[in-house]
Every structure is written in C-alpha cells, then in structure tokens.
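Chain by chain, the residues run as shown.
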Amino acid sequence: MAARPDVGTAHGAHVLDSDVHAAPREDEEDKEEEEEPRLKYQRLGGSLSDLLASPTQAASCLAVSDKLLVLGTRAGTVHLLDVKGYQVKRLQQHEASVVDVCCDRKGEYVASCAADGSVWVQSLYTEETARFEYNSSLSAIALDPEYASNASRRFVVGGEAGKVWMNNRGWLGTRDTVLHHGEGPVQNIKWCGNYIAWANNVGVKIFDSSTSQRVGFVDLPDNSLHPELYRPEIVWNTPNTLIVAWPHAVKVATLHTSNYRNSPGGGSLLRPSGIQVALEIATSFTTDYHIAGIAPFETDYLILAHTGGNQGAGPERPEIRIVSSLNWEISSDALPIRGYEHNAASDYQLASWHPSQPLLAGDKESLTNGEAGRKRGFCSAENGQEPLYFIVSPRDIVQARKTDVEDNIAWLVSHDKFAEALRMADKAGERIRKSTIDSTWDLYLQSFLEDEDYKGAAEMCSRLLSDNAAAWERCVFEFAHRRKLPVLVPYVPTDQPRLRSGVYEMILKSLIARPEQHKALLFCVQSWPKGTYNQAEIAYVLEEEIQQEERYTMELKEALAEMYMLMGMKEKVFYLFLELRKVQVFDFIEQNGLYSLAAKNVRPLFLVDAKKAMKWLVDHASELPPSEVVPQLAEKSASVDAQRTLLQYLHKLYQTGLAAAAEFADLQVSLYAEFDRKHLMPFLVGSHHYHLDTALKTCKRFRCVRENVYILNRMGNPEAALSMILNHIDNEMSIEDALEFVKEQRDKDLWEFLIEHSLQSPSLVSQLLDHVGGVDAVNPLQLLERIPPGMHIPHLRDKVIRIIADYRTQLTLCSGASQILRRDCVALSARYLSQAQVGIHVGARYFQEEAVNFLHCNMKCSICLGALCQKEVVIFYCAHGYHLDCLSEFAPSGGQSTSLKGCIVCNATVGRSR
C-alpha cells in the first residue's frame, strides 16, 4: 500500500487549526514523491474544549444533520453544537453514558439512548419531548427519517438483550414491536428511506419498514473474531447501497428490485406488492488495520483506521485513509488526536454529513422560534456543498473536508509549484479570494528574486499580473529595493493597468541617477504615454543631472529633449536636437514651423547631416531664402569646407532653376573658379545674372583661359578672345580651338587676324595647314603663297598633298550630293503628281455638317449634270466632281470608283488635243 503521510508534514494534509500538528514519522522519511492531499482538517474549538475538559465528560458519540452537530457524552449529556464547536443548546441528561444519538432527515428531532436503557426524543423547535425506558442496556438508536412529518413517530432501538424494538405511536399511545431477536447483542442501527439495517453477532440484517419484512442479509466476514466485542459500522451510501465495516473487513451491499415473475430463490425475498428484492455484495475487501469508522468519499471510501502500537512502542495516532473499491490506498493522513496515547480503537467514531441542501448560518434563538427555526440552519460551513467528516475521540473532535481550490493552491505554493498554483487560480476565477492570488504571486516573485533570476521574474510579472495594478506596484518596489529596476522597466505597464504617477516617477528618477541605465531611461521617456508622470518634475531632475559633468551622457540629453517635447517647449527641443545632432531636427522644424530658428542656425544644421541639410535647404528655399542662408555660410571665418558647402548649395539651387540665388551669381562664379572649375563654363553659358566684368576679373585671377575667352567674346571683343587663345596654344588651348572659335564667328577679319598671327610662327603655320583644308573661308593656295620665303615648315610636302586630297574629296562629295538632290526632286514630283490625280471621296454627312459654303457653289456632276448635294461624291483637284454612283461605270474591272486615276473630263480633253 502507498505510504501514509502525517498531518502537518511534507506528506500531510492541510491543517487549519494551529493546535493540530504532527511530528514526522521515521518510517515515512525518504519516501516517494509526495502527492497532493485530498483532505484538510480542523480541530473543533469554541465550547468543545470546556465541554470535554473532564474525563467524565468525554465524548461518546456524534450525529450530524443539515443544521447542527449532536454530541453525546459519557456523563449522559447531549449537546447541540454548531459546525465550529460552539454550544447552541444542552438537552435533557441521561443518568448513564450516552451510547448513540441520531436525527431525522429534516434535522428537527434528536434522539439519544444510554447504557441504562433510557431513550430521549426531543424537538428542536417545539416543547415536544418523549422519554422511554427499556429494561436492558441499549447500544443503538435510529429515528424514522420522516419522523417530523409522520404521525406514528417511529424509532428503532437495540442493545444487549439482542432484540430490535420499533416504537411507534397509535390511537392508544405508543407501543414497541420486536422486529428481531435471538442472534446476540444489537450493536448498530441505521435507517434510510424504508430500509432499516442493524448489526449483531451474525451479520447485518436489512428490514423493509413499509412491508415489515426482512429483505436482505450481509453475513459476518470469515476473519471476524469475537464480533460482540467490536461495533460494526453501518452507513447508507444511497437508499439502495449499504456500506458495512467490521474491524478488519468491508462489504458493500446493493439492493436490487424487480417485478415478481417466478418463485423467489436463494436469499431473495418477496414483497406483497409483487416486487422482488435481491441483495448483491458489490465490493468486499479486508484490511490489516482496525476500522474504527467508514464513510463514502466520492467514488471511494474514507476509513478511520487504528493500527495499534508496534511491539514495544506506545499507541499510534489514528489515520484517515482513502481507499478504492479494490482496496487500493489513495491517501493516508495520521491525525494527532488529543490523548491518542490513552485511546483504544473502540474510543473512536467517524461521523459524516453529505449535503442534501447547503448548511446555513443560525443562532441560539432559532431553537425557540418555531416554524421560523425549521427553515433555517444552525451550522455554517465555508462550502456547504462539500461533505463533512468528523473524527470523534473522548477528548477531541477533528473535522475533515475535501480540499478546495484554495487548499490546492496553498499546497502547491508550499511545494514551490507557484506557476501551477497561479494557473489553477486563474481557472478558478471568482472562487478564489484576491488575497490568495496576491500572496501566491508574492511568493512566486520572491522565489525568482532569491535565485537572482531577475529577468525571469520580470517576464513572470508580465505574463501573470495582467491588470493587477497593486501587484505591479509591489513588484516595482521589490525590484527597486534590489536595485534591479532596469530589468523590469521593459515590462512595466502604462495602460490597463496604469500605475500611480509616483511609481513611474520613482522608476525614472532611479534610472536618472545611474549613468549606465540612461538607455533604459530614454526607452521609458520615448515609449511611456503622456500623462503617465509629472513631466516638469522629471525635466527638472534631468537638468540638474546634466550639470553634473561626470554623470552626463548623450542619452540623458535625449531624454531631456523628449521631455521638452512632451511639455511643448519647442525651442529648447530644437537646440537640444542641434546639440545632439539628431537628424529628426529637420522633420521637427517642418512639423512645428520653426523656419525662423533654422534660418539663424544654418551652419549647425550642416553639422547634423550635411547631405540632408543641403537637400532640405534647397527643398525649402521658399521658407529659408538664400539671402538668409548664404551670409552664414560665407562668413570670413568660414573654413574651406564651409565654402565648398556654400558652393554645393548655390549649385543645387541653380540646377533646380530657382532664381532666388541670382543675387549671389558673382559669388558663385568665384566659388566655381576656385573649387569646381568643370562647372564654371556651364554656369557662365547658362546664367545671365552675373556681371561680365566681375566674372572676367575672377577668371583672370584664377587663370581660367577658356572662361576668359567666352567672357571676352560675350563682351563683344572677339579679337581679344582670339588673341588669348593664340597666346595659350600648346598650354591650355590649341589651334583647333582657334579655328573653331573663328568658324563660329564667321568673320573674315578674324580669319585674316588668325592667318597673320600664324605666319609669325612656323609651328602655327604647320598646324594651320593641317586643319585649313576643309575650311571654305580660307583658300589653301593663297595661304601657301603668303608663307614668308625661307620659313621652314616641317613636312610641308605632306601637308600640301593632304590639302589637295581634301579639296578633291570635297569636290567629289559636292558632286555626289548634287546628283542625289536631283534624283530626289524628280521622285518627289512624280509622287506628288500621282497623288494629285486621285479623287477625294466625300460622304453625304460632310455636306450636311461641314461643307456649307460648298453647297452654295452650285456644282454639278460632270456625268449626269445633277447637283452634288446629299450624295456621296468624288472630287478631283481639277475642280470636277462626280457622283460615286455615276463614276462606277468608268471604274476599272474589279476596282472601286474611288481608285480611278485622273479626272474623266480632263483625260478626254488631253486625248483629243493629242
């Protein structure tokens, strides 16, 4: 069988009263893993301690009803107690020890019997009381379950005489009827519905009170020794199921009813109504311990076991064991009953109550309130729908009940199974007290913190706390106490639930004071919604902290910028963004219209992000005009990089086609000449905003020859421009540049100037001869004739040959081009003539909508001489017109009228003239 855990130990059940404790049993140490207890126990207090204080007042029996507890004592007193053990009423006293007590089904009448043969039946709500005397010692009594509503007022008693008497009231008074006798002392009697069961030395007899016949018998088990010495336990589980327990055996009998058909056989008995009752033993098993009491527990059995003392040792504590119908032990709890060292198995009793209705709260006055008292209970239970079990000993009564959800949670918590406990609490919902959930959560959190698993604790809080604001605040304070708030910060809720503002402020101040946590601080400031905390107070703390240089970080300033933003202090945000070089400053300017501030801080914007600043300033040239941007970039103290930046800015403005920077064209020319020569010429050509004389001086200063040539030419001085070209040949310019320049000008005087200047240098003459062959304005022969005698021209012969070849090639090209031109003219003329001979098809709609003037010309068809209006016609360029129908007669075979070549009239006239 499974190990038997002790109450209050690691293997024990729940004990609610601090007086009930148990020491660990040596034989239970190092057992298998502990199972969750099925029961919890509570020692009855209240008045009970005083009532049982004297040995003569020891408890002898107990009955439980829906309303109260009925306690009999060895002194002969019957006490009514509530479920907490407080005395509600004291009933009439027997002269000998009370051996049995019972109640009717409604709990309105209480019956007791004593060893002296006396019986008391008393009403709880009226003055009705009945006393009976029997000539032998009694041991059991049972009231009719319907005693309160049955006028016969029946009850059954039995005892040492071996007789079972039924007492009932008739017209002539009460009388006793012997139901059974002769099989030894009657030790126990239980009545349920119509069935009465009693136990004697032979077994248990079952009697049907409605037919006055015995309907079943449960025989004594084989291992029963001296049955007269031990009281069998009888419990009706259902109206048809009887549980019988002897000291070392258990039998469960079931009564089956069926219609009578044949003669009954075996142990079946016939009822007069024709119904046959058969008894079947459904379960039977034996035990190695003494059974002091038994009761149903769900589908299993709850047994009060007494094991007796081991050899050489004192008595052991009684145990509550839950066993299955196959005698498999499910759980076992040892109970530290007061005075158990002096108790034998017969000193214990197990009384149970299975609710037919919830237990209600009551008071002493209800016992005298008549009908009102009948409707109210006198006991209270935390959960009246659960069965109650009472373990009775001479000096102590312990209540047992099935563990509820809170008990299960408490057990899981005591074994560090916090997650499972919280899941159970979540499923239980409103059945669990909030304090239970809070305490469980607190212990779970402490288990993480004691293991220094702070991240696990934070994740647990996020997962399990949900909208419990109070628990969240306790968690925050716990982490703050351990200086681990940064671990919890990402999980702290800011909505549903929202904590008190002071909690958030405490978190932020804690993070501010620790430079290594400033990143976590920035996360909080950026992610927590507005109104969560007092921004002004936190901003002040940030400002004070920033003044401490040794604790200053960039994240701290970013947090201050976010705080200013929440407070609407846009200007301070702008300057902090500039200082922090935050790219968001550009969007911030646009969103808040801070262009005036931006215009005063152009250079800092370029320090934030030069490329983005450049594009942004160009895109917003209307809000930040160049007249405000350029002066800041063009300061005398500006570095070379700043001047290059200015040039890029002006260049991009020029590329966008904006004329806003026209006033800075001269400056742009200077910057191009100094830093970006390749873009100078395109600017000089494309722009008309710069001053020519200023640009000329700039180009001369920076020796920009080509640009100088362009400006001189533009100023109307081509001779000076050509002279500059010729002066820089073999340096930056070439003879090709000179020739190109002269060609563009188309000025014979410039050609003459070029030739005169070239004749002064053999190299220039040589280069000129290389390029003059294809120039119409220069006669190569005249150029050769003007070469001074004696001037040595390198490779003159080859140059002359090349000139002649170029000339011949030019003639050939001209001749070929002329022939091609003539052929094209002829082909085009023929094509024009062919197209002119084809008539134009005109529809009738055209006459109606477009050709109004044409209608007034009175034109007629050249064939039928009819008017051309309202019909489809064909018109020729010779001004003759024909109806399409009339013209079809002259169309070529298989062709259409519109495909006719030439006017019929004109063709006929030409033919006659020929």
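Here the structure is a predicted model, which is why all the values come from computation and not from measurement. (Residues numbered from 1 in each chain as written. Predicted model: local features only at pLDDT ≥ 70, side-chain atom pairs only at ≥ 80, totals over all residues. Heavy atoms only, no water.)

Bringing the overall build of the protein chain into the picture now. Within the protein chain one finds 33 helices and 33 strands. Looking at the 914 residues of the protein chain, the share that counts as buried comes to 47%. Taking the intrachain contacts of the protein chain between residues at least 6 apart in sequence as the baseline, contacts between residues at least 24 apart amount to 52%. (Helix = DSSP H or I, 4+ residues; strand = E, 2+ residues; numbered from the N terminus. Buried < 20%, exposed > 50% of the residue type's maximum accessible area, 1.4 Å probe, protein only. Contact = heavy atoms within 4.5 Å.)

Here we come to the packing of aromatic side chains. Here the structure, examined in full by the defined rule, presents 16 aromatic pairs. Three or more aromatic residues link up through ring pairs in this structure, and these residues are Tyr654, Tyr672, Phe683 and Tyr690. (Phe/Tyr/Trp six-rings, centres within 6.5 Å; stacked < 30°, edge-to-face > 60°.)

What follows concerns the sheet that holds strand β4 (residues 69–73). Reading across the sheet, the 4 strands line up as β3-β4-β5-β6 and stay open at both edges, with antiparallel pairing between neighbours. Edge positions in the sheet fall to β3 (59–64) and β6 (87–90), since each has one partner strand and no second. Each adjacent strand pair in this sheet contributes to an overall mean axis angle of 25 degrees, direction not counted. One ladder, built from 3 bridges, connects strand β5 (residues 78–81) with β6; its direction is antiparallel. Paired with histidine 79 across the two strands is arginine 90, which belongs to β6. (Pairing = 2+ DSSP bridges. Axes fitted to C-alpha atoms, helices over the stretch in contact; angles between N-to-C directions.)

Residues Phe479, Tyr649 and Leu754 are the most contacted members of the largest nonpolar core, which totals 132 residues. Leave out the neighbours within four places in its chain, and phenylalanine 479 touches Leu445, Leu449, Tyr454, Ala457, Ala458, Lys484, Leu485 and Leu488. (Core = buried A, V, L, I, M, F, W, Y, C linked by side-chain atoms within 4.5 Å.)

Moving on, we get to the pairing of strand β15 (residues 188–192). Counting buried positions over the 5 residues of β15 gives 4, a clear majority of the element. Pairing geometry for β15 and strand β16 (residues 195–199), over 5 bridges, is antiparallel. The partner of tryptophan 191 across the bridge, within β16, is isoleucine 196. The hairpin turn running from β15 into β16, its antiparallel successor, is 2 residues long, and glycine 193 in that turn takes a positive phi close to 65 degrees.

What follows covers a negative patch on the surface. Judged by side-chain charge, Glu450, Asp451, Glu452 and Asp453 come together as a negatively charged surface patch. Structurally, glutamate 450 can be placed in helix α5 (residues 434–450). (Patch = residues over 30% accessible without salt bridge, like charges linked within 9 Å, V, L, I, M, F, W, Y side chains within 5 Å. Areas by Shrake-Rupley, 256 points an atom, 1.4 Å probe, with all protein chains shown as cover. Salt bridge = Lys/Arg side-chain N within 4 Å of Asp/Glu carboxyl O. Lys, Arg positive; Asp, Glu negative; His and termini not counted. Charge placed at Lys NZ, Arg CZ, Asp CG, Glu CD.)

With that out of the way, let us pick up unusual backbone geometry. In this model, glutamine 496 is joined to proline 497 through a cis peptide bond whose omega is 0 degrees. You can see proline 497 is positioned in the loop between α8 (485–488) and α9 (501–512). In this model, asparagine 327 sits at a positive phi of 65 degrees, which is unusual for a non-glycine residue. Here asparagine 327 is to be found in the loop between β26 (319–323) and β27 (329–334). Classification of asparagine 327 as buried rests on a relative accessible area of 18%. A positive phi is found at glutamine 496, a non-glycine position, where the angle reads about 50 degrees. The residue glutamine 496 is located in the loop between α8 and α9 in this model. A relative accessible area of 67% places glutamine 496 in the exposed class.

The subject of this paragraph is the packing of helix α7 (residues 469–481) against α9. α9 packs onto α7 with a crossing angle of 25 degrees between their chain directions and a minimal axis gap of 11 Å. On the basis of the axis angle, α7 is roughly parallel to α9. Crossing of α7 against α9: the hand is left-handed. In this structure, α7 contributes Glu473, Val476, Phe477 and Ala480 to the contact, and α9 contributes Val503, Met506 and Ile507. (Parallel < 35°, antiparallel > 145°, perpendicular 65-115°, else oblique. Left-handed = near helix turned anticlockwise from the far one by under 90°.)

Across its 12 residues, α9 extends 16 Å between first and last C-alpha, which sits within 8% of the 16 Å expected from 1.5 Å per residue. Within the span of α9, buried status applies to Val503, Tyr504, Glu505, Ile507, Leu508, Leu511 and Ile512. (Expected span 1.5 Å × (residues − 1).)

The next thing to look at is the pairing of strand β20 (residues 241–246). Extensive coverage of β20 is indicated by the burial of 6 of its 6 residues. Here β20 shows two buried faces, one formed by Thr241, Ile243 and Ala245 and the other by Leu242, Val244 and Trp246. With 5 bridges connecting them, strand β19 (residues 233–238) and β20 associate as antiparallel partners. The partner of threonine 238 across the bridge, within β20, is threonine 241. Connecting the antiparallel pair β19 and β20 is a turn made up of 2 residues.

Our focus in this paragraph is the sheet that holds strand β7 (residues 98–103). Sheets are built from strands paired through backbone hydrogen bonds, the pairs being either parallel or antiparallel. With antiparallel pairing, 4 strands are arranged side by side in an open sheet as β7-β8-β9-β10. Of all strands in the sheet, those bounded by a partner on one side alone are β7 and β10 (129–133). Each neighbouring strand pair of the sheet contributes to a mean axis angle of 15 degrees, computed without reference to strand direction.

To continue, consider the environment of leucine 576. In this fold, leucine 576 is placed in helix α13 (residues 570–580). Taking the C-alpha atoms as reference points, leucine 576 and lysine 557, 19 residues apart in sequence, are found 7.2 Å from one another. What leucine 576 contacts, discounting residues up to four positions off in sequence, is Lys557, Leu560, Ala561 and Tyr564.

Moving on, we get to the pattern of salt bridges. If you walk through the whole model with that rule in mind, you get 24 salt bridges. Across the pair aspartate 396 and arginine 43 runs a salt bridge, and its minimum N-O distance is 2.8 Å. On the criterion of sequence distance, the pair formed by aspartate 396 in strand β30 (residues 396–402) and arginine 43 in strand β2 (residues 39–43) is long-range, its members being 353 residues apart. Assessed through its relative accessible area of 1%, aspartate 396 is described here as buried. Under the relative-accessibility criterion, arginine 43 is labelled buried at 4%. A salt bridge links lysine 455 to glutamate 459; the shortest N-O distance between them is 3.7 Å. Of the two residues, lysine 455 and glutamate 459 both sit in helix α6 (residues 454–464), 4 residues apart, roughly one turn of that helix. Of the residues examined, lysine 455 reaches a relative accessible area of 48% and is grouped as partly exposed. The partly exposed category is assigned to glutamate 459, whose relative accessible area is 35%. Overlapping salt bridges bring together Arg38, Glu298 and Lys402 as one network.

Purely geometric numbers; function is a separate question.
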